[in-house]
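# Coordinate inspection notes
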Amino acid sequence: MRKLELHWQILIGMLLGILFGFAMTQVTWGIDFVSDWIQPLGTIFVKLLKLIAIPLILASLVKGISDLKDISKFKNIGLRTIGTYIVTTVVAITIGLLLVNVIKPGNGISEETVTKLTDTYAGDVGVTSKLEEASRQKESGPLQFLIDMVPDNAFSAMSDNALMLQVIFFAIILAISMLLIGEKSAKPLKDFFDSLNDVVLKMVDLIMLTAPYAVFALLAGVVVSSSDPDLLLALLKYAGVVVLGLFLMIVFYSVVVTAYTKKNPFWFLKEMSPAQLLAFSTSSSAATLPVTMERVEEHIGVDKEVSSFVLPVGATINMDGTSLYQGVAAVFISQALGFDLTFSGQLTIILTALLASIGSAAVPGAGMVMLVIVLESIGFPSDKLAIGLALIFAVDRPLDMCRTIVNVTGDAMVSMVVAKSVGKLGDPHVEDWDDHLDQVKGS
Ligand code: ASP
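As a starting point, this report considers the structure included with it. Note on numbering: residues in each chain are counted from 1, in written sequence order. Owing to the predicted nature of the model, reporting of local features is limited to residues with pLDDT of at least 70; listing and counting of side-chain atom pairs is limited to 80 or more, with chain, interface and lining totals taken over all residues. Computation of side-chain values covers all heavy atoms of the structure but excludes hydrogens and water.

Let us now look at the overall build of the protein chain. The helix and strand inventory of the protein chain stands at 21 helices and zero strands. Relative to its length of 443 residues, the protein chain is compact, with a C-alpha radius of gyration of 22 Å against a globular reference of 22 Å. Expressed as lengths along the three principal axes of its C-alpha atoms, the size of the protein chain is roughly 70 × 50 × 45 Å. The rule is simple: take the accessible area with a 1.4 Å probe, protein chains only, and divide by the maximum for that residue type; under 20% is buried, over 50% is exposed, in between is partly exposed. When the 443 residues of the protein chain are sorted by exposure, 51% land in the buried category. Every residue pair with non-hydrogen atoms within 4.5 Å of one another is taken to be in contact. Across the protein chain, the fraction of contacts at a sequence separation of at least 24, relative to all contacts at a separation of at least 6, is 85%. Each helix corresponds to a stretch of at least 4 residues labelled H or I by DSSP, and each strand to a stretch of at least 2 residues labelled E; elements are numbered beginning at the N terminus. We compute the radius of gyration from the C-alpha atoms alone; for a globule the expected value is 2.2 Å times N to the 0.38, where N is the number of residues.

The structure is reproduced here in structure tokens:
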């Protein structure tokens, strides 16, 4: 029998997980059962993906750059990547702002709903921890992000997933120095990283074998810990605007893929779908990164020279879905609480949401921390920040899941565009986990 394609397997796992989660909320012991016995399986899966993220970035970036025959190509790829990321993010924020200003989801929110949401969430640790985190980030100087990018200890950088940019920095100077010492002297190190890269990609294949079961566990966990359905309903219009904006971003990516790379956008979305479904299930572009890299290189045909740089950098600094959401949320909160937002305030949102998307960590809920900074930049009263966040907190997790899909798809699209522009978009070459199994299997 032909095996079901991976994205179908994952989708079925997700649907069953949602149904199972709902069923468990109906029995008294259900919620504890899911959090004690089911959710840990999802957590293990996410940990496994994170486990290989740093070795994968290091190996693939060193391999990608040290394969370059001409070092100036790297500068070319770097500039195009950053430029395209800025353009897609500005497009995302603009779409978000247009929608929220036209549909005005905040105007219909009743006083009663505001009070109910405030009472439920303003003192919630979820909200207060986001505010604390934001004030910590705000205290740093304007060039702090550059300082943070440079490691003072390569090994401690590699020991913390939050320091991905430091690992990228280290990998880039390591690889450039390898090019500069000449092919012969660099060969042992290059062989080592080439082989490490193949091994880690094989690990991605192995971990993905468990993906359909893991998403079952992850989604069952999300369902049992989700908020009161009445509150979700009150925020339906706001959530609808965010989701519509995210959908339009996917349409925008599809148009760019068709127009610029001349590839079929449905093919692109289908090949990327396992990464998108994982982005949805894990709410983390960093955890999804190994799968995004595998899909883009093996299934889309982007050369490693491009993907090894574009994707890890994108996972950390390019978040189109997050910045679109920040634009919509900032205006929605202002509308609902009657805070007057001027046109120049809206332009400020474009700028700060762009910077916020660079500063947001690629982990669940990070977008909301930076939203505080966006709100403050438009002069939103600081004593009302907790109320503002409380308004949108109930739907934040489902929206986080959706915006992470866009974050990951945007990175993949940009890697295709940059690859095409430097002649590095080739044919797919898919590797399966068991390609060499025969050689190591006893008779
Ligand atoms: N969860 C998002 C990501 O990992 C970030 C956010 O929007 O909160 O891409």
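Right, let's talk about the environment of threonine 210 for a bit. Mapped onto the elements of the fold, threonine 210 is located in the loop between α9 (183-208) and α10 (211-224). Considering only alpha carbons, one finds threonine 210 and tyrosine 325, 115 residues apart in sequence, at a separation of 31 Å. Identification of polar contacts relies on pairs of N or O atoms within 3.5 Å, with a donor-acceptor requirement for protein atoms, meaning one able to donate a hydrogen and the other able to accept it, and with residues adjacent in sequence counted only if both atoms are side-chain atoms. Only 2.7 Å separates the side chain of threonine 210 from the backbone oxygen of isoleucine 207, close enough to count as a polar contact.

This part takes up the side chain of asparagine 407. Tracing the backbone shows asparagine 407 in helix α20 (residues 396-421). Of note is the side chain of asparagine 407, whose polar atom sits 2.9 Å from the side chain of threonine 322. If sequence neighbours within four positions are ignored, asparagine 407 has contacts with Ser285, Asn318, Met319, Asp320, Gly321 and Thr322.

Another point: the packing of helix α13 (residues 265-282) against α20. Every axis corresponds to a line fitted to the C-alpha atoms, with the helix fit spanning only the stretch in contact, and the corresponding angles, defined between N-to-C directions, vary from 0 to 180 degrees. At a minimum axis distance of 8 Å, the contact between α13 and α20 shows a crossing angle of 145°. Crossing angle aside, the handedness with which α13 passes α20 is right-handed. Counting all contacts with α13, which are made through Trp267, Phe268, Leu269, Met272, Ala275, Gln276, Ala279, Phe280, Ser281 and Thr282, the residues of α20 involved are Arg397, Met401, Cys402, Thr404, Ile405, Val408, Thr409, Ala412, Met413 and Met416. Basically, the charged four are Asp, Glu, Lys and Arg, the nonpolar ten are Ala, Val, Leu, Ile, Met, Phe, Trp, Tyr, Cys and Pro, and anything else, Gly included, counts as polar. Here the contact of α13 with α20 is composed, by residue class, of 14 nonpolar, five polar and one charged. Rotating anticlockwise by less than a right angle from the far helix to the near helix defines a left-handed crossing, while the corresponding clockwise rotation defines a right-handed one.

What follows covers the nonpolar core. Ranked by size, the top nonpolar core spans 133 residues in total, and within it Phe45, Tyr238, Phe268, Leu371 and Ile392 carry the most contacts. The element contributing the most residues to this core is helix α2 (residues 30-66), with 13 residues. Sequence-distant contacts of phenylalanine 45, that is, excluding residues within four places in its chain, are made with Ile207, Met208, Thr210, Ala211, Ala214, Leu218 and Leu278. To form a nonpolar core, buried Ala, Val, Leu, Ile, Met, Phe, Trp, Tyr and Cys residues must be joined to one another through side-chain atoms within 4.5 Å. Residues Met24, Ala217, Ala220 and Val224 belong to the second largest nonpolar core, which totals six residues.

With that out of the way, let us pick up a negative patch on the surface. Residues forming no salt bridge and having over 30% relative accessible area are the ones grouped into patches, like charges within 9 Å of each other and nonpolar side chains (Val, Leu, Ile, Met, Phe, Trp, Tyr) within 5 Å. Each accessible area is a Shrake-Rupley estimate made with a 1.4 Å probe; only the visible protein chains count as cover when residues are assessed. A carboxyl oxygen of Asp or Glu within 4 Å of a side-chain nitrogen of Lys or Arg is what we treat as a salt bridge. The charge count treats Lys and Arg as positive and Asp and Glu as negative. His and the chain ends do not count. To locate a charge, take NZ of a lysine, CZ of an arginine, CG of an aspartate or CD of a glutamate. A cluster of acidic side chains, namely Asp432, Asp434, Asp435 and Asp438, defines a negative patch on the protein surface. Along the chain, aspartate 434 turns up in the loop between α20 and α21 (437-440). Look at aspartate 434 and you get partly exposed, because its relative accessible area is 35%.

Bringing the packing of aromatic side chains into the picture now. What counts as a ring pair is set by centres within 6.5 Å for rings of Phe, Tyr and Trp (its six-membered ring), and what kind of pair is set by the plane angle: stacked under 30 degrees, edge-to-face over 60, tilted for all other angles. A full pass over the atoms with the stated rule returns eight aromatic pairs. Note on phenylalanine 252 and tyrosine 253: the rings are 6.0 Å apart at their centroids and 50° apart in plane angle, and the pair reads as tilted. Among the residues examined, phenylalanine 252 registers a relative accessible area of 24% and is labelled partly exposed. A cation over a ring is seen here: arginine 403 above tyrosine 325, with NZ or CZ 3.9 Å from the ring centre. Lysine and arginine charges are scored as sitting over a ring when NZ or CZ, respectively, is within 6 Å of the ring centre and within 35 degrees of the ring normal.

Another aspect to go through is the pattern of salt bridges. According to the stated counting rule, one finds 13 salt bridges in the structure shown. Between glutamate 5 and lysine 270 there is a salt bridge whose closest N-O contact spans 3.3 Å. In this pair, glutamate 5 sits in the segment before α1 (6-25) while lysine 270 sits in helix α13, placing the two residues 265 residues apart along the sequence. Its relative accessible area of 32% is what places glutamate 5 among the partly exposed residues. Overall, lysine 270 belongs to the partly exposed group, its relative accessible area being 36%. For aspartate 205, the salt bridge goes to lysine 202, with nearest N and O atoms at 3.8 Å.

All right, on to the site of the ligand then. Around the ligand, 15 residues are found, and the nearest of them are Ser285, Thr322, Gly367, Asp400 and Arg403. Within the side chain of arginine 403, a nitrogen or oxygen atom sits 2.5 Å from an oxygen atom of the ligand. The contact in question runs from a nitrogen atom of the ligand to an N or O atom on the side chain of threonine 404, over 3.2 Å. Expressed as a share of its isolated accessible area of 270 Å², the protein-covered part of the ligand is 100%. Only α18 (366-377) and α20 provide two or more residues apiece to the shell around the ligand. When residues in the shell around the ligand are grouped by element, the largest group, four residues, is from α20. Being near a molecule or strand, for a residue, means having at least one of its heavy atoms within 4 Å of it.

Function-wise, these values are silent; they only describe arrangement.
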